Amino acid sequence: MTHVAQVGGTAVQDHVALAEIELCGDLIIAASAAGEERLSLESIDAVLRVAEEREGRKVPSAG
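Engineer: Help me understand the overall build of the chain, please; the structure alone is not making it clear to me.
Structural biologist: A tally of helices and strands in the chain yields three helices and two strands. Ordering the α and β elements of the chain from the N terminus gives β-β-α-α-α. Relative to its 63 residues, the chain shows a buried fraction of 10%. Entry remark: accessible area of the chain is about 5,200 Å², with carbon and sulfur atoms responsible for 58%.

Laid out in structure tokens, this is it:
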């Protein structure tokens, strides 16, 4: 799915910014569902799928 935002009549695509926004949303959801006051570093890494990135596996987009 391609995300396109209309800005001043011009179509702008910024896949990196959209991916970052999605990751921030994932962190917010995880933080709101967490039982503790803060997410641990391990929890943050799991939400951001750090291990998969380090192993070079393609991480599917949630959206």
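Engineer: Before we go on, may I ask you to explain the environment of Leu27 in this structure?
Structural biologist: By the secondary structure assignment, Leu27 is in helix α1 (residues 15–33). Other than its neighbours up to four places away in sequence, Leu27 contacts Leu39, Ile44, Val47 and Leu48.

Engineer: I tried to follow the pattern of salt bridges on my own but got confused; where do I start?
Structural biologist: When charged atoms on two side chains of opposite charge get close, those side chains can pair. Scanning the model with the defined rule gives one salt bridge in all. Here Asp26 makes a salt bridge to Arg49, at a shortest N to O gap of 3.8 Å. Placement of Asp26 in helix α1 and of Arg49 in the loop between α2 (41–47) and α3 (50–54) is noted, with a sequence separation of 23 residues between them.

Engineer: I'm lost on unusual backbone geometry in this one. Help?
Structural biologist: Its identity is not glycine, yet Arg49 carries a phi of approximately 55 degrees, on the positive side. Exposure remark for Arg49: the relative accessible area of 22% places this residue in the partly exposed category.

Scoring rules and cut-offs
- Residues numbered from 1 in each chain as written.
- Predicted model: local features only at pLDDT ≥ 70, side-chain atom pairs only at ≥ 80, totals over all residues.
- Heavy atoms only, no water.
- Helix = DSSP H or I, 4+ residues; strand = E, 2+ residues; numbered from the N terminus.
- Buried < 20%, exposed > 50% of the residue type's maximum accessible area, 1.4 Å probe, protein only.
- Areas by Shrake-Rupley, 256 points an atom, 1.4 Å probe, with all protein chains shown as cover.
- Contact = heavy atoms within 4.5 Å.
- Salt bridge = Lys/Arg side-chain N within 4 Å of Asp/Glu carboxyl O.

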